[in-house]
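What the coordinates show
Take a look at the letters that make up each chain.
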Amino acid sequence: MRAEQRQRGLIVYEMEWEDRVRQAMEQMLRLSAQSLDDQQAAQVGALFPRWEAGMTYEAGTRLADEMGNLYKVVQSHTSQSDWPMEGTPALYTCLGVTAEEPDSIPDWRQPTGAHDAYQKGDKVRYGGKIYRSLMDGNAYAPDTPGELWELLEE
């Protein structure tokens, strides 16, 4: 970024071409990240909006914490400073790998509707085993008969 003093006390900043390219690339990456599934998105959590108190979040929104760990909003709400993402599982589900828990896969929770149902490829821990959803909009428990879940690990 280039700075130029035009008058006493007035400094005008202008972006260099490289800064404009970098800014465009960051925006392109942020937009592209929105199309990733949760497991892929968790690997690039810093590309998602950071959680802030006092914001209205819709169910299904993905947010990053200060470390770049990615969470999904479970139910629509207005965030509060005393409802941190890592400590409020009724509001946020941690997605993928985190620095603190590199093998983290969320426990299965009964979805309350289409907004928080599991999508194809989502992984969950259920009954001490790890499953992957085989369909979008999956609101069934992994032990439900039918081809709804794939057992990955016992």
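Being a predicted model, the structure only gives us computed values, none of them experimental. Throughout, residues of each chain are indexed from 1 in the direction in which the sequence is written. Note on the predicted model: pLDDT of at least 70 is required for a residue's local features to be given, and 80 or more for side-chain atom pairs to be given and counted; whole-chain, interface and lining totals, by contrast, use all residues. Each side-chain value is derived from all of the structure's non-hydrogen atoms; neither hydrogens nor water enter the calculation.

Regarding the sheet that holds strand β10 (residues 149-153)
Taken in spatial order, the three strands make up an open sheet running β8-β9-β10, and their pairing is antiparallel. Because the sheet does not close on itself, it has two edges, and the strands there are β8 (123-126) and β10. Recorded for the sheet is a direction-independent mean angle of 35° between the axes of neighbouring strands. Only when DSSP finds a minimum of two bridges between them are two strands counted as paired. Helix numbers and strand numbers start at the N terminus; a helix is a DSSP run of H or I with at least 4 residues, a strand a run of E with at least 2. Helix axes are fitted only over the stretch in contact, all axes being lines through C-alpha atoms; the angle between N-to-C directions runs from 0 to 180 degrees.

Section: the pairing of strand β7 (residues 92-95)
Here the term buried applies to any residue with accessible area under 20% of the maximum for its type, exposed to any over 50%, and partly exposed to those in between, with areas from a 1.4 Å probe on protein chains only. Alternating residues of β7 divide into Tyr92 and Cys94 and Thr93 and Leu95, and every residue in both groups is buried. As judged from the four bridges shared by strand β5 (residues 70-73) and β7, these two strands associate in the antiparallel manner. Within the sheet, the bridge partner assigned to Leu70 lies in β7 and is Leu95.

A look at the sheet that holds β5
With antiparallel pairing, the three strands of this open sheet are ordered in space as β4-β5-β7. At either margin of the open sheet sits one strand with a lone partner, and together these are β4 (62-64) and β7. Averaged over all pairs of adjacent strands, the angle between strand axes in this sheet comes to 35°, irrespective of strand direction.

Quick notes on the layout of surface pockets
Only protein atoms enter the calculation, which uses a 1 Å grid: trapped sets of points that fit a 1.4 Å probe without letting it out are cavities, open sets showing protein on both sides within 12 Å along at least five of seven lines are pockets, and any residue with an atom within 4 Å of a point is a lining residue. Grid points are joined across faces, edges and corners, and a volume is the space filled by probe spheres set on the points. By volume, the largest pocket amounts to about 440 Å³. Taken together, 25 residues line the largest pocket, and the ones lying closest to its centre are Asp38, Lys72, Ala117, Tyr118 and Asp122. Of all the secondary structure elements, the ones that give two or more residues to the lining of the largest pocket are α2 (38-42), β5 and β7. Classifying every residue of the lining of the largest pocket gives eight nonpolar, seven polar and ten charged. Ten residue types, Ala, Val, Leu, Ile, Met, Phe, Trp, Tyr, Cys and Pro, are classed as nonpolar, four, Asp, Glu, Lys and Arg, as charged, and the remainder, Gly among them, as polar.

Observations regarding the packing of aromatic side chains
The description of two aromatic rings rests on the distance between their centres and on the angle between their planes. Here a Phe, Tyr or Trp ring, Trp counted by its six-membered ring, pairs with any other such ring whose centre lies within 6.5 Å, and the pair is stacked when the planes are under 30 degrees apart, edge-to-face when over 60, and tilted otherwise. Tallying each qualifying case throughout the model produces three aromatic pairs. Seen from their ring centres, Trp108 and Tyr126 are 5.5 Å apart, and the 85° between their planes marks the pair as edge-to-face. Of this pair, Trp108 sits in the loop between β7 and β8 while Tyr126 sits in strand β8, and the two are 18 residues apart along the sequence. Under the relative-accessibility criterion, Tyr126 is labelled partly exposed at 22%. Aromatic pair Tyr126 and Tyr131: ring centres 6.3 Å apart, planes at 75°, arrangement edge-to-face.

Regarding the nonpolar core
What makes a nonpolar core is a set of buried Ala, Val, Leu, Ile, Met, Phe, Trp, Tyr and Cys residues whose side-chain atoms join them at distances within 4.5 Å. Judged by nonpolar contacts, Tyr57, Leu63, Tyr71, Val73, Met85, Leu91, Tyr92 and Cys94 together constitute the single largest core of eight residues. Elements that contribute at least two residues to this core include exactly β5 and β7. Among all residues touching Val73, those that are not within four sequence positions of it are Tyr57, Glu58, Ala59, Gly60, Thr61, Leu63, Leu91 and Tyr92. Here, two residues are considered to be in contact whenever any of their heavy atoms come within 4.5 Å of each other.

Remarks on the pattern of salt bridges
Just to be clear on terms, a salt bridge is a Lys or Arg side-chain nitrogen sitting within 4 Å of an Asp or Glu carboxyl oxygen. Tallied over the full model, the rule gives four salt bridges. In this structure, Asp38 engages Arg62 in a salt bridge whose closest nitrogen and oxygen atoms are separated by 3.1 Å. Residue Asp38 is found in helix α2, and its partner Arg62 is found in strand β4; the two are separated by 24 residues along the sequence. On the basis of relative accessible area, Arg62 is assigned to the buried category, the value being 10%. Residues joined by salt bridges that share partners form a network here, namely Asp38, Arg62 and Lys72.

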